Amino acid sequence: MTILALSVVLPVIAGVTRVSLTPAPIRLLTLLCAVWLTSDVVNHILREQNLHNAQVSYILTGAEIFIVSHLYRSLLSNRMLHKQLPIVAWLGLPLGIIEWYLVGGEINTVSLVIEFVLFMTLAMVLFYESTMRPVSPLYRTLNYVLVFYFASSLPYNFAWEWLKDLDFSLLLAMNYAHGIIHAACYILFTWMIWRSSLSYSV
């Protein structure tokens, strides 16, 4: 694992050490980062053992849908979404696994697209709500960073599948750029966790 990949450790450490000082959305962010860290470690181990690791991406997508749906539920005031998002979360949890059994393949195209559309929709709803009611600048920033994170991940996943057999040098450059983007997001997540712990009281 590279230093860029290991940067996800930062928000996990910050979140775990300050868990009692952070509000629910930030605790869910910490859980999401912990899932990303676990996924990276498992992927690394499987690659080192020359084992197939495509299933990890399928499982990760379901976990992301579950956690991020609950995260946005804790941020949004829309009553209808408050009722529906837990259902979406539980339906999304097995989505990747179902796709693996029905379709298979190196990349979970269907669940990734569904995840992207869902997250962008929730992000736009929160942005709209922020124009109608006060929303903490910290949570507005969290919304923007999550959009940036997932908006950069979807094209990367599809481009990786297309480039892996065509241009190895371009693939390496894309991996490095993607790692920098994610590392920047992890640093911002770490700052958000630390900042929220200073102003939150149980």
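Residues numbered from 1 in each chain as written. Predicted model: local features only at pLDDT ≥ 70, side-chain atom pairs only at ≥ 80, totals over all residues. Heavy atoms only, no water.

(A) Quick peek at the overall build of the chain. Within the chain, the regular secondary structure consists of 9 helices and 0 strands. Each helix and strand of the chain, ordered N terminal to C terminal, gives the series α-α-α-α-α-α-α-α-α. Over its C-alpha atoms the chain spans a radius of gyration of 17 Å, differing by no more than 12% from the 17 Å that the globule rule assigns to 202 residues. For the C-alpha atoms alone, the extent of the chain along its principal axes is close to 50 × 35 × 25 Å. Counting every position in the chain, which comprises 202 residues, the buried fraction comes to 42%. Within the chain, one finds 10 positive and 10 negative side-chain charges whose respective centroids are separated by 23 Å. (Helix = DSSP H or I, 4+ residues; strand = E, 2+ residues; numbered from the N terminus. Rg over C-alpha atoms; globule rule 2.2 N^0.38 Å. Buried < 20%, exposed > 50% of the residue type's maximum accessible area, 1.4 Å probe, protein only. Lys, Arg positive; Asp, Glu negative; His and termini not counted. Charge placed at Lys NZ, Arg CZ, Asp CG, Glu CD.)

(B) Up close: a nonpolar patch on the surface. Among the surface-exposed residues, Ile59, Ile97 and Tyr101 lie close enough to one another that they form a single nonpolar patch of about 360 Å² accessible area. Relative to the assigned elements, Tyr101 resides in helix 6 (residues 95-102). Looking at Tyr101, the relative accessible area reads 69%, which means it is exposed. (Patch = residues over 30% accessible without salt bridge, like charges linked within 9 Å, V, L, I, M, F, W, Y side chains within 5 Å. Areas by Shrake-Rupley, 256 points an atom, 1.4 Å probe, with all protein chains shown as cover. Salt bridge = Lys/Arg side-chain N within 4 Å of Asp/Glu carboxyl O.)

(C) Geometry of the packing of helix 4 (residues 54-75) against helix 5 (residues 79-92). Contact geometry of helix 4 with helix 5 gives a least axis separation of 7 Å together with a crossing angle of 170°. By the angle class used here, helix 4 and helix 5 are roughly antiparallel. Where helix 4 approaches helix 5, its residues Gly62, Ile65, Phe66, Ser69, His70, Tyr72 and Arg73 are matched on the opposing element by His82, Leu85, Pro86, Val88, Ala89, Trp90 and Gly92. (Axes fitted to C-alpha atoms, helices over the stretch in contact; angles between N-to-C directions. Parallel < 35°, antiparallel > 145°, perpendicular 65-115°, else oblique. Contact = heavy atoms within 4.5 Å.)

(D) Focus on the pattern of salt bridges. Taken as a whole, this structure holds 1 salt bridge when the rule is applied. Across the salt bridge formed by Glu129 and Arg133, the nearest N and O atoms sit 2.7 Å from each other. A relative accessible area of 25% means that Arg133 is categorised as partly exposed.

(E) Quick peek at empty space enclosed by the protein. Following the criterion strictly, the structure yields 1 cavity of 30 Å³ or more and no others. For the largest cavity, the full set of lining residues is Val68, Tyr72, Phe119, Met120, Ala123, Leu146, Val147 and Phe150. Looking at the lining of the largest cavity, the elements that each hand over two or more residues are helix 4, helix 7 (109-132) and helix 8 (137-163). (1 Å grid on protein atoms, 1.4 Å probe; cavity = no way out; pocket = protein on both sides within 12 Å on 5 of 7 lines; lining within 4 Å. Points joined across faces, edges and corners; volume = space filled by probe spheres on them.)

Keep in mind these values describe shape, not function.
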